[in-house]
Structure formats: C-alpha cells, structure tokens
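A closer look at the structure
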Amino acid sequence: MRSVSIIGVGCTKFGERWDVSLRDMIAEAGVMAIEDAEITGEQIDALYVGNMSGGRFIEQEHIGALIADCAGLSRLHVPSTRVEAACASGGLALRQAVLAVASGYSDIVIAAGVEKMTDVSTGTAADALASAADREWECFFGATFPALYAMIAKLHMRRYGTTNEQMAQVAVKNHHHACMNPIAQYHMEIKINDVFKSPMVADPLHVLDCSPISDGAAALVLAPTEMARRFSEEPIKIIGSAQASDTLALHDRRDLTTLDATVHAGRAAFTQAGIEPRAIDVAEVHDCFTIAEILAIEDLGFVEKGQGGKATEEGITALGGSLPINTSGGLKACGHPVGATGIKQAYEIVLQLRGKAGKRQVDEAEIGLAHNVGGSGGTALVHIFSR
Amino acid sequence: MTNQAPRFWRSIPQRYNLSGTHCTCCNEYFFPPRNLCPNCRRGAHLEEYTFKGTGTIITYTTIYNATEDFERLTPYNLAIIQLDEGPKVTGQIVSSSAGVKIGMRVRPVFRILGKEGNKGIIYYGTKFAPLIEPNCSGRDE
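Residues numbered from 1 in each chain as written. Chains lettered and ligands numbered in written order. Predicted model: local features only at pLDDT ≥ 70, side-chain atom pairs only at ≥ 80, totals over all residues.

1. Some remarks on the overall build of chain B
Across its full length, chain B holds two helices and eight strands. Based on the C-alpha atoms only, the size of chain B along its principal axes is roughly 45 × 45 × 25 Å. Here chain B, with 141 residues, has 32% of them falling under the buried criterion. Across chain B, every contact between residues at least 6 apart in sequence was considered, and the portion connecting residues at least 24 apart equals 46%. (Helix = DSSP H or I, 4+ residues; strand = E, 2+ residues; numbered from the N terminus. Buried ≥ 20, exposed ≤ 12 C-beta atoms within 10 Å, placed from the backbone. Contact = placed C-beta atoms within 7 Å.)

2. Thoughts on the interface of chain A and chain B
For interface size, the figure often reported is the accessible area lost on association. Across the contact, 28 residues belong to chain A and 26 residues belong to chain B. For the side of chain A that touches chain B, the elements supplying multiple residues, two or more each, are α5 (122-130), α6 (145-160) and β5 (200-202) of chain A. Ranked by the residues each element gives to the side of chain A that touches chain B, the list is headed by α6(A), at six residues. The residue inventory of the side of chain A that touches chain B, partitioned by class, reads 17 nonpolar, four polar and seven charged. (Nonpolar A, V, L, I, M, F, W, Y, C, P; charged D, E, K, R; others polar.)

3. Observations concerning the environment of B:Cys40
Residues and elements named next belong to chain B. Mapped onto the elements of the fold, Cys 40 is located in the loop between β2 (29-30) and β3 (46-50). A tally of 15 C-beta atoms within 10 Å means that Cys 40 is categorised as partly exposed. Residues within four places of Cys 40 in sequence aside, it is in contact with Cys 23, Cys 25 and Cys 26.

4. What about the nonpolar core?
Residue and element names in this part refer to chain A. Of all hydrophobic cores here, the largest spans 170 residues; its most connected members are Ala 111, Ala 112, Leu 220, Val 221, Leu 222 and Ile 343. When residues of this core are assigned to their parent elements, the largest contribution, 10 residues, is made by α6. The residues touching Val 221, leaving out its near neighbours within four places in the chain, are Ile 6, Ile 7, Gly 8, Ala 33, Ile 34, Ala 37, Ile 39, Ile 108 and Ile 110. (Core = buried A, V, L, I, M, F, W, Y, C linked by C-beta atoms within 7 Å.)

5. With respect to helix α3 (residues 63-70) of chain A
For an α-helix, the turn length of 3.6 residues means that residues three or four places apart are oriented alike. Residues of α3(A) that are buried include every one of A:Ile63, A:Leu66, A:Ile67, A:Ala68 and A:Cys70, and no others. Against the buried residues of α3(A) lie α1 (22-37), β2 (46-50), α2 (54-57), β3 (80-83) and β4 (109-116) of chain A.

6. What to know about the domain arrangement of chain A
All names here are of chain A. Taken domain by domain, chain A comprises domain 1 (4-121 + 214-236) and domain 2 (141-211 + 239-386). Distance from the C-alpha centre of domain 1 to the C-alpha centre of domain 2: 23 Å. Of the residues lining the interface, 36 residues belong to domain 1; the matching set on domain 2 comes to 31 residues. Among the secondary structure elements, those contributing two or more residues to the side of domain 1 that touches domain 2 are β1 (4-11), α4 (89-102), β4 and β7 (215-224). For the side of domain 1 that touches domain 2, a count of residues per class yields 22 nonpolar, nine polar and five charged. (Domains from an automatic or database assignment.)

7. Some points on the pairing of strand β7 (residues 105-115) of chain B
All names here are of chain B. As paired strands, strand β4 (residues 55-63) and β7 are joined by two bridges and run antiparallel to one another. Within β7, the residue paired with Gly 55 across the bridge is Val 106. Direction of pairing for β7 relative to strand β8 (residues 122-130): antiparallel, over a ladder of nine bridges. Residue pairing in the sheet places Phe 110 in a bridge with Thr 126 of β8. Between β7 and β8, which pair antiparallel in sequence order, lie six residues; one of them, Gly 117, sits at a positive phi of approximately 65°. (Pairing = 2+ DSSP bridges.)

8. So, the domain arrangement of chain B
Residues and elements named next belong to chain B. Taken domain by domain, chain B consists of domain 1 (18-50) and domain 2 (52-131). Spacing between the C-alpha centres of domain 1 and domain 2 amounts to 24 Å. Taken together, the residues of the side of domain 1 that touches domain 2 break down into four nonpolar, one polar and one charged.

9. Observations regarding α5(A)
Within the span of α5(A), buried status applies to A:Ala125, A:Asp127, A:Leu129 and A:Ala130. Contact partners of the buried residues in α5(A): α2 and α6 of chain A.

10. Some words on the packing of α6(A) against helix α11 (residues 290-299) of chain A
Residues and elements named next belong to chain A. Closest axis-to-axis distance for the α6/α11 pair is 9 Å, and the angle between their directions is 60°. It follows that α6 is oblique to α11 by the angle criterion. α11 is crossed by α6, and the crossing has left-handed handedness. Residue-level contacts link Tyr 149, Ile 152, Ala 153 and His 156 of α6 to Ile 291, Ala 292 and Leu 295 of α11. Partitioned by chemical class, the residues of the contact of α6 with α11 number six nonpolar, one polar and no charged. (Axes fitted to C-alpha atoms, helices over the stretch in contact; angles between N-to-C directions. Parallel < 35°, antiparallel > 145°, perpendicular 65-115°, else oblique. Left-handed = near helix turned anticlockwise from the far one by under 90°.)

11. A closer look at the environment of B:Lys52
By the secondary structure assignment, B:Lys52 is in the loop between β3 and β4. For the pair B:Lys52 and B:Asp84, spaced 32 residues apart in sequence, the C-alpha to C-alpha distance is 7.7 Å.

12. Examining the pairing of strand β10 (residues 367-374) of chain A
Residues and elements named next belong to chain A. Along β10, eight of the eight residues are buried, which leaves the element largely enclosed by surrounding structure. Side chains Ile 367, Leu 369, His 371 and Val 373 project from β10 onto one buried face, and the interleaved Gly 368, Ala 370, Asn 372 and Gly 374 project onto a second face that is buried too. Pairing of strand β9 (residues 282-284) with β10, which is carried by three bridges, proceeds in the parallel orientation. Within the sheet, the bridge partner assigned to Val 282 lies in β10 and is Gly 368.

13. Remarks on the sheet that holds β2(B)
Residues and elements named next belong to chain B. Read from one edge to the other, the open sheet built from three strands follows the order β2-β1-β3, with strand pairing classed as antiparallel. Only two strands of the sheet have a single partner each, and these edge strands are β2 and β3. Across two bridges, the pairing between strand β1 (residues 19-23) and β2 is antiparallel. Paired with Thr 21 across the bridge in β2 is Phe 30.

14. With respect to the sheet that holds β10(A)
Residues and elements named next belong to chain A. Taken together, nine strands build an open sheet; the order of strands is β3-β2-β4-β7-β1-β8-β11-β10-β9 and the sheet is mixed. Strands with a single pairing partner mark the edges of an open sheet, and in this sheet they are β3 and β9. Ignoring strand direction, the axes of neighbouring strands in this sheet form an average angle of 25°. As paired strands, strand β8 (residues 236-245) and strand β11 (residues 379-386) are joined by eight bridges and run antiparallel to one another. Bridge pairing links Gly 240 to Ile 384 in β11. Against the sheet, α4 engages β1, β2, β3, β4, β7, β8, β10 and β11, with an angle of about 170° to β4.

15. A few points about the confidence of the model for chain B
Of all residues in chain B, 91% attain a pLDDT of 70 or more, and the chain-wide mean is 88. Contacts for the low-pLDDT stretch residues 137-141 of chain B, under 50 throughout, to residues beyond four places or in other chains number one contact. (pLDDT = per-residue confidence, 0-100.)

Below is the structure:
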C-alpha cells in the first residue's frame, strides 16, 4: 500500500445558506481545493463524495454524476462515486479516496462531502436524519435522534456521575472555538446557563446540546505521498485510516455508554499510525450532541471511560488545554451538514497542521485526528494526520 | 413513517405480540427476529419464540420535540427495555415522566402508535407500562 497525502483543501461557509444550492456549494468547495493543490481537471483520476440524503433533502439522488458535472469534469468522464454512511458519509468518502490512492489504482483523487438541509422544513429534516437510526425498531416506536443520545446521556450520568454542567461545557467550549472560525455557522459565545435555559429536546438534552441543521460542502485533494511535494509545499500525510461498524439500533449494542465502532476504528487507526492516543496534538471528534463528544474522547482512549465529563470541566479539551478538541467549533457550533462534516473535520486538521488556523491555531500541532460517526454509532471512521 | 400497508402488515406478529427468535445452539434470544444468528451464523438453529414482554428499564428519556408523526404525543417517555429473556428493545413507557426510573419493571401493553391522517392506516403496536410484581407487596398502594 502506498502512503497517501492531502495536497489541497477547500470548504464553504457552513450555515443556513438559503442563497445557494447544493450544486453551488460543491462547486465552490471543489474549486477551492483544486486551486489550493494547483492541479488541473485532466489530472483528476476519481471523485468520491459523501452525501447522506440528497433524496430526502433536495429530491436528488445520483449525486456522484451531479458533482462531477458541477465541477466541470463531465467532458473528462472522470469516475465519480457517491458514498453514504449517514452522518459519517464524509469520513467514508475520505476513506474510499485513501484506499483508491493507497492501492495504486488512482493517483490524484478528490474526496468531497456535501449536504443541503435547509430546503425542507425542520420536521422533514429531522425525519430524514432519523433514517440513520433503525426505522423499523426505533423510529417506528417514536425514537428521535436526540432521544437516542439522551438515553445514552442518562445512563452515562447514572454510571459515571457525568453532570448536566459538564455536558453544557462542551457546547460552551465549541461555541467559543467557532467564534474564531470564519466558516462556522455560529459566531456567538454562550454560557452554561444559556444551555439550561434553551428548550428541552429530549431530557437531559436541551436545544443547545444539539448540533444544528446546516448547509455546506468541503473537499480535499489526495495524492501518493511520493508525488505530493510536486503539488504542495506542505502536504499532510494520512498515517491512519480505519472504519468499523456496529448494530444499527442503539438497543442492540454490547454497552449503551460506549460506541464500540469508535473503539475499534480508533485502535486500528492508532496501530496503523504506530502511535498512542497521547501523541495527538489536536482532534476533531463527532459532537452531534454534547454527550457524544464526551463519549468520543473516552472511546478514542484520550481519557479513561467515565472521565470525559470531568476532562471537559477541567478545560483539557479547550484551546490552550493539553488536548484541544473541536477547534473548528465542532458539529455543535461550526455546523453539521451531515455529508460534509467528515471532510470538514479533515479540512480543519489540515489547517492546524499547516499552521494556518488563525486565532484558533494550536501551538506546534504535528499530529491530528478526525473522528466521524454515523447514526448512533453504527459506523465510525477515524483518520490520523501528520505533518 | 411508511405509507405502504404491506410494510406494516408484514411486521404485525412482532409489533403486536413481540414474536422473535431463539437460537437453540447458543441459547440467545432475538427481538426483532433475526434470519441469521450473529453468534452461530450458518451453524445456527433458529426457532420462533414469543416473548413474555416483561422487562426492566435500562435507560430512558422524555421527548419534548418529536418528528411530525409523533408531535401530538409530546411530551412522551421512550426507554430501552431489557426483556427478561435477554434482548433489549426501544419502546414508549405509558406513565408520567416523574414515574419512570432506571431499573423499573415494565409489562407490555397494546396501543395505537400512529395514524396516517383521518382516512389512512392506524398503526398499532406494543408500548410498556409499569409492572406491579404480584409477589412484592401483595396489593397496589
């Protein structure tokens, strides 16, 4: 297998982008990445795009061909593949692109992600998102996505003493980080009390414990590491890429307060990279709800099981702490256009490792990690990056 | 929710009566029924099994903001229940939210789960209610 590097990145502003379409956003992110890598369309061997539900959100499937077309590559007939793993669709697109380059089959490959979620009502969007859960045996009985994570939170609180304040602190921190990120959906500081005062969605999760509905797109250009310096002065190496699955329904899991898919993908990625979790300088983890960030830092091995809330409270995961988590603002405050999220996470880590993350720059960041989850943990992807 | 009758109709035994499967090789019970045992896979011997329906609440939440199909029910309680035979299921708890506790014993009740407008299908299925164990106190208080 060949070593793979990222030679170009692009990302649109995330948010309620009523003025632009899915087509506009993917073209914008794609052009940014291609210009960043200084490549031409003729050099692109393949495209992979993560998109969860074009069918439900904009009544458009066949997103693979669509993005090749929007990117101006239709006359070059570049193979283009849409992949789906719910909220982990972006991470999965990255992994497919990594495999294509690592195998030697392709050289220059685009990994992209896009979701246009605000063209439908909030209710329709919530129902589309609920299809990442088990439609027949969870949703049919009234489960919503926040409800599944709320049930995880309830048990985590009971077992480990995690508090509402600790969960709210995740949101406070990620909103603070987002204020320093120009592409973030929210540029708004919040306090713990704001989280408590926001309407309850599913006890114990309030509105401000939940990631928003967002529009956005992101793209990366990948190349074999041996060729990367021809295109980029600061290529970022992908030193670990792993994926794991688990039961679709939360109730079927071995342990309701652990995402085993994260544990397995994390271990495999760390083994590939030949490093321990403590070697990570900066990480983007899947905080679709505040409790999800607490689970992620535990399940990736950054802190002991049950200590995620305490670590957050102590400021370890904030910018300036020993392990800054979600410097982009995370899904919570940067926004969560589901198909784009996994690619945006890699985009943020590349900026950090290049030293180009502006006010939210982590000092001397050498190794970064991106963690993307589908559904309530049916899929997890972990990528590790190095300068 | 589906608007096709067959999709609901073919799951009636499971949703009305908690009909699942039991693998006699590894002695694990499955709900909903599985066509393949994840332990024994092709070596499995699966037979039909109807669950008693009694179980224990492992975790729960109260939902205040639901999808369109369930909006009229808010707030309502949802729980993960471990059935006495072993498998866990997701279901609504028919009780005030103050009454729901982790570790609480529950029994199945047959209820309407949803309807498609005034003329469409009415979906029925299993919800759960607090169980008063007959051998605990002897009488309701």
